[in-house]
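Architecture at a glance
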Amino acid sequence: MEVKDFVFETFLRLTSKTVPYGDEDTLMKEVGKLFPDGLQKDAHGNYFYKVGDSRTIFASHLDTVSSKYETVTHVFDGDIIRTDGKTTLGADDKAGTTVMLWMIQ
């Protein structure tokens with residue numbers, strides 16, 4: 001898959017729901033195979049994926065500023081992706097997760 005297509009499709013899938021802190025598992029189940037095999041979870045509930053033997057860490061998060069887990073309506077305005085104003089997009093770090101998933105792939 002081309003980088004552009006992967007990034008676009010992955011970003012849309014990750015931002016398809018608002019994810020209150022603690023509901024990351026629900027999103028993980030819904031987006032399914034988007035995450036690589038071998039994904040692990042630490043004692044604090046953080047997902048991680050180890051690549052090689054390095055002390056370098058790339059970090060991002062899936063939760064959004066929201067009190068409810070709900071569907072996001074994407075609105076495409078030229079090159080801008082936003083919501084219909086009823087939910088939060090959560091693009092600040094779901095974009096970071098998208099980039100890391102590409103790097104892992």
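Here the structure is shown first, and the text comes after it.
Residues numbered from 1 in each chain as written. Predicted model: local features only at pLDDT ≥ 70, side-chain atom pairs only at ≥ 80, totals over all residues. Heavy atoms only, no water.

1. Quick look at the nonpolar core
Definition in use: Here the nonpolar core consists of buried residues drawn from Ala, Val, Leu, Ile, Met, Phe, Trp, Tyr and Cys, with membership extended through side-chain atoms lying within 4.5 Å. Each residue gets one of three labels from its accessible area relative to the maximum for its type: buried under 20%, exposed over 50%, partly exposed in between, using a 1.4 Å probe on protein chains only. Runs of H or I in DSSP of at least four residues are treated as helices and runs of E of at least two as strands, each being numbered from the N terminus. Contact between two residues is taken to exist if any of their heavy atoms lie within 4.5 Å; hydrogens are not considered.
Listed in full, the 10 residues of the largest apolar core are Phe6, Leu14, Val19, Leu27, Met28, Val31, Leu34, Phe35, Leu62 and Leu101. Among the elements of the structure, helix H1 (3-14) and helix H2 (24-31) are those that each provide at least two residues to this core. Ranked by residue count, the leading element in this core is H2, at 3 residues. Once you skip the residues sitting within four places of it in the chain, Leu27 turns out to touch Arg13, Leu14, Lys17, Val19, Leu62 and Tyr69.

2. Section: the side chain of Glu24
Definition in use: None of His or the chain ends enter the tally, which takes Lys and Arg as positive and Asp and Glu as negative. A carboxyl oxygen of Asp or Glu within 4 Å of a side-chain nitrogen of Lys or Arg is what we treat as a salt bridge.
Note that Glu24 resides in helix H2. Despite its burial, Glu24 pairs with no opposite charge; the closest candidate is Lys41, at 7.2 Å N-O. The contacts of Glu24, once residues within four sequence positions are left out, are Val19, Leu62 and Asp63.

3. Focus: H2
Inclusion rule: Think of it as the arc spanned by the lines of direction from the helix axis to the C-beta atoms.
Among the residues of H2, those classed as buried are Glu24, Leu27, Met28 and Val31. Buried residues along H2 cover an arc of 105 degrees about the axis, so they all sit on one side. Where the residues of H2 are buried, they touch H1 and strand S2 (47-48). Taken from the residues just after H2, Gly32 is the one with a positive phi, measuring 50 degrees.

4. Let's talk about a nonpolar patch on the surface
This is how it is decided: The patches described consist of residues with a relative accessible area above 30% and no salt bridge, like charges being joined within 9 Å and nonpolar side chains (Val, Leu, Ile, Met, Phe, Trp, Tyr) within 5 Å. Exposure was quantified through the Shrake-Rupley algorithm and a 1.4 Å probe, taking into account, for residues, occlusion by the shown protein chains and nothing else.
A cluster of nonpolar side chains, Tyr49, Val51 and Ile104, forms an exposed patch at the surface whose accessible area comes to about 250 Å². Along the chain, the position of Tyr49 falls in the loop between S2 and strand S3 (74-77). By relative accessible area, which is 32% here, Tyr49 ends up partly exposed.

5. Concerning the environment of Lys33
Mapped onto the secondary structure, Lys33 falls in the loop between H2 and strand S1 (40-41). Taking the C-alpha atoms as reference points, Lys33 and Lys94, separated by 61 residues in sequence, lie 16 Å from one another.

6. Examining the environment of Ser67
Within the secondary structure, Ser67 sits in the loop between S2 and S3. You can call Ser67 exposed: its relative accessible area is 71%. In this structure the C-alpha to C-alpha distance between Ser67 and Trp102, which are 35 residues apart in sequence, comes to 29 Å.

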